[in-house]
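One-letter residues, chain by chain:
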Amino acid sequence: MPLINLPAFAADLLADFERLGTLRVDTPVIQPAEPFLDMAGEDLRRRIFMTESETGKSLCLRPEFTIPVCLRHIETATGTPRRYSYLGEIFRQRREGANEFYQAGIEDLGETDVAGADARAISDAIEILAARLPGRHLKVTLGDQSVFEAVVAACGLPAGWQKRLIHAFGNSAQIDSLLTRLSSPQPVAGLSPQIEALLASGDDATLIAHLDETMEATGYSTNASRSPKEIAARLKEKRALEKTALDGRTLGLLREFLSLSIPLAEAPAALFAFAAKSGLALDGALSRFDARVAALGNAGVDPGLLTYRAAFGRPLDYYTGLVFEIVIDGSSAVLAGGGRFDRLMTLLGARERIPAVGFALWLDRIEQALARDGEAAR
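Residues numbered from 1 in each chain as written. Predicted model: local features only at pLDDT ≥ 70, side-chain atom pairs only at ≥ 80, totals over all residues. Heavy atoms only, no water.

The name given to the protein chain in an unreviewed UniProt entry is ATP phosphoribosyltransferase regulatory subunit, and the organism recorded there is Rhizobium herbae. In its Function (unreviewed entry) section, the UniProt record describing the protein chain reads: "Required for the first step of histidine biosynthesis. May allow the feedback regulation of ATP phosphoribosyltransferase activity by histidine." (UniProt positions renumbered as here; feature names shortened; annotations may be inferred.)

Written out as structure tokens, the structure reads:
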């Protein structure tokens with residue numbers, strides 16, 4: 001079906017994708033909702049347009065392309081490495097702008113040269129935007145979830161706290177709130193005396209049975225919410241986490257790391273210095289970070305465009321390493337964004353681990369930037 005109301009530069013964009021050696025694919029507008037609800041993250045889940053089939057299966061309008069492209073790759077049993085491109089409509093509620101808009105992008109699946117593939121994603125996104133917006137100064141903000149995960153793990157936090165912090169990566173307010181709680185733990189409140197007693201007793205079977213009876217009596221469906229066993233495990237985890245308090249030095253290290261915001265060229269030295277000063281074992285994550293910086297240099301990316309922010313993340317749960325966004329200097333409107341999502345393919349059903357990285361372009365925002373350029377030229 002031909003696309004209508006596309007920006008004038010769409011044909012040039014498709015030519016770029018072909019020149020970059022990608023296979024253009026399309027995916028259905030109606031998608032199974034479960035992968036997005038499970039893997040895309042809370043921010044996107046709140047903004048999805050949901051519906052259901054006549055059999056009651058949860059469906060949604062396509063809210064992004066990465067998950068559908070990955071599902072298509074798995075279903076067609078296509079070998080890797082493979083570079084896909086897409087251009088089409090997505091549907092999700094936005095704080096600003098229309099709820100139905102065009103995105104385009106590239107998903108790079110199966111390339112084992114991780115640093116090289118990361119660098120290529122950033123380089124391609126910059127090149128495409130620079131061709132559409134000649135003369136505009138672009139700025140790239142880069143983060144790395146795997147470095148943050150390595151820092152959190154090296155600090156010796158319990159697994160539950162590590163999971164919470166990693167889940168909040170990129171949300172500065174939420175991270176700050178969690179660190180504040182770690183500095184002065186608060187007890188879990190609002191539990192009934194009976195549940196308090198069952199938690200204290202350690203009798204898991206009785207606790208689960210009690211929760212099951214309570215849910216049945218109050219009309220809660222275990223198909224629509226957590227099961228009694230899951231709720232019991234969550235309550236026990238909260239009990240354990242409320243007793244965790246980090247010493248001032250470790251909290252200071254976490255805050256020091258998250259405050260890093262420097263030119264990318266200076267980041268490897270700064271991160272290695274932080275590791276040495278703190279005594280944290282970060283060698284693997286920092287070596288991979290250093291390799292990516294070198295690969296960006298080999299790809300000819302102007303280092304003056306790139307800033308590393310240790311606290312920078314993107315609001316999608318499936319990212320595992322590199323994350324980045326590109327704006328025009330002086331503007332907050334994100335024109336391109338992406339990152340690495342190495343765990344996603346196996347979570348979606350791939351039989352083997354498939355490394356993956358990609359980026360998306362917001363065509364309406366690029367079009368708006370072009371319109372502003374046109375008005376300024378008149």
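Trainee: Is there a simple way to think about the pattern of salt bridges in this case?
Mentor: Note that side chains of opposite charge can pair when their charged atoms are close. Under the defined criterion, the tally for this structure stands at 18 salt bridges. The partner of Arg120 in a salt bridge is Asp108, and the shortest N-O contact between them spans 2.6 Å. Linking Arg120 in helix α5 (residues 114-132) with Asp108 in strand β6 (residues 100-109), this pair joins segments that are 12 residues apart in sequence. Assessed through its relative accessible area of 30%, Arg120 is described here as partly exposed. Overall, the relative accessible area of 4% leaves Asp108 in the buried class. Where salt bridges share partners, they join Asp118, Asp144, Arg292, Arg340, Asp342 and Arg353 into one cluster. (Salt bridge = Lys/Arg side-chain N within 4 Å of Asp/Glu carboxyl O. Helix = DSSP H or I, 4+ residues; strand = E, 2+ residues; numbered from the N terminus. Buried < 20%, exposed > 50% of the residue type's maximum accessible area, 1.4 Å probe, protein only.)

Trainee: What am I meant to see in the pairing of β6 here?
Mentor: It is a general feature of regular strands that their side chains alternate between the two faces of the sheet. Of all 10 residues in β6, nine are buried, a share of seventy percent or more. Examined bridge by bridge, strand β5 (residues 82-91) and β6 share 10 bridges and lie antiparallel to one another. The residue of β6 that forms the bridge with Gly88 is Gln103. Pairing analysis gives seven bridges linking β6 to strand β12 (residues 356-362), with the strands arranged antiparallel. Of the residues in β12, the one forming a bridge with Leu109 is Ala356. (Pairing = 2+ DSSP bridges.)

Trainee: Please explain helix α10 (residues 204-218) as it appears in this structure.
Mentor: Along an α-helix, residues three or four apart share an orientation, since each turn contains 3.6 residues. For α10, with 15 residues, the first-to-last C-alpha span of 21 Å sits near the 21 Å given by 1.5 Å per residue. For α10, the full list of buried residues reads Leu207, His210, Leu211 and Met215. Seen along its axis, α10 keeps its buried residues to an arc of 130 degrees; they face one direction. Exposed residues on α10 whose side chains face more than 90 degrees from its buried face are Ala205, Glu213, Glu216 and Ala217. (Expected span 1.5 Å × (residues − 1). Arc of directions from axis to C-beta.)

Trainee: Please clarify how the sheet that holds strand β10 (residues 322-328) should be interpreted in this entry.
Mentor: Sheet strands associate in pairs through backbone hydrogen bonding, adopting either a parallel or an antiparallel arrangement. The nine strands lie next to each other as β1-β5-β6-β12-β11-β10-β7-β9-β8, forming an open sheet whose pairing is mixed. Single-partner strands in this sheet number two, and they are β1 (23-24) and β8 (261-263). In this fold helix α1 (residues 10-19) packs onto β1, β5, β6 and β12, with an angle of close to 155 degrees to the strand it touches most, β5. Where helix α4 (residues 66-76) meets the sheet, its contacts fall on β5 and β6, and the angle it forms with β5 comes to roughly 135 degrees. (Contact = heavy atoms within 4.5 Å. Axes fitted to C-alpha atoms, helices over the stretch in contact; angles between N-to-C directions.)

Trainee: Honestly, the packing of aromatic side chains in this entry has me stumped. Any pointers?
Mentor: Given two aromatic rings, one states the distance between the centres and the angle between the planes to describe the pair. Scanning all chains against the criterion turns up seven aromatic pairs. Centre to centre, the rings of Phe65 and Tyr86 are 4.3 Å apart; their planes meet at 15 degrees, and the pair counts as stacked. Here Phe65, found in the loop between β4 (58-61) and α4, pairs with Tyr86, found in strand β5; they are 21 residues apart in sequence, far enough to count as distant. Take Phe65: its relative accessible area is 1%, and that puts it in the buried class. Assessed through its relative accessible area of 1%, Tyr86 is described here as buried. Look at Phe289 and Tyr308: their rings are 5.0 Å apart centre to centre, the planes differ by 70 degrees, and that puts the pair in the edge-to-face class. On the criterion of sequence distance, the pair formed by Phe289 in helix α14 (residues 283-298) and Tyr308 in strand β9 (residues 306-309) is long-range, its members being 19 residues apart. Among the residues examined, Tyr308 registers a relative accessible area of 0% and is labelled buried. Cluster of aromatic residues (ring-pair linked, three or more members): Phe148, Phe169, Phe257 and Phe274. Sitting above the plane of the Phe101 ring, Arg94 keeps its charged end 3.6 Å from the centroid. A cation over an aromatic ring shows up here: Arg164 above the ring of Trp161, its NZ or CZ 5.0 Å from the ring centre. (Phe/Tyr/Trp six-rings, centres within 6.5 Å; stacked < 30°, edge-to-face > 60°. Lys NZ or Arg CZ within 6 Å of the ring centre and 35° of its normal.)

Trainee: Would you mind showing me how to read the side chain of Gln31 here?
Mentor: Positionally, Gln31 belongs in strand β2 (residues 30-32). Note on Gln31: relative accessible area 5%, which makes it buried. With near-sequence residues (within four places) excluded, Gln31 lies in contact with Phe36, Leu59, Cys60, Arg62, Pro68 and Leu71.

Trainee: Help me understand the sheet that holds β2, please; the structure alone is not making it clear to me.
Mentor: Ordered by their spatial adjacency, three strands build an open sheet running β2-β4-β3, and the pairing between neighbours is antiparallel. Only two strands of the sheet have a single partner each, and these edge strands are β2 and β3 (50-52). The sheet shows a mean angle of 40 degrees between the axes of neighbouring strands, taken without regard to direction. Where β3 and β4 come together, three bridges link them in antiparallel fashion. The residue bridging Thr51 from the neighbouring strand is Leu59, located in β4.

Trainee: What is the right way to look at the packing of helix α13 (residues 267-278) against α14 in this model?
Mentor: In helix packing, the relevant descriptors are the interaxial angle and the interaxial distance, both defined with respect to the helix axes. Put simply, α13 and α14 touch, their axes get as near as 10 Å, and they point 170 degrees apart. Classed by the angle they form, the pair α13 and α14 counts as roughly antiparallel. For the pair α13 and α14, contact is made by Ala267, Pro268, Leu271, Phe272 and Ala275 and by Leu286, Ser287, Phe289, Asp290 and Val293, respectively. When the residues that make up the contact of α13 with α14 are grouped by side-chain class, the tally is eight nonpolar, one polar and one charged. (Parallel < 35°, antiparallel > 145°, perpendicular 65-115°, else oblique. Nonpolar A, V, L, I, M, F, W, Y, C, P; charged D, E, K, R; others polar.)

Trainee: Explain the packing of helix α8 (residues 172-183) against helix α12 (residues 248-258) to me, please; I cannot follow it from the model alone.
Mentor: Their axes nearest at 11 Å, the elements α8 and α12 cross at an angle of 165 degrees. Taken as axis vectors, α8 and α12 run roughly antiparallel relative to one another. Read as a crossing pair, α8 and α12 show a hand that is left-handed. Where α8 abuts α12, its residues Ile175, Asp176, Leu179, Thr180, Leu182 and Ser183 lie against Leu251, Leu254, Arg255 and Leu258. The class makeup of the residues in the contact of α8 with α12 is six nonpolar, two polar and two charged. (Left-handed = near helix turned anticlockwise from the far one by under 90°.)

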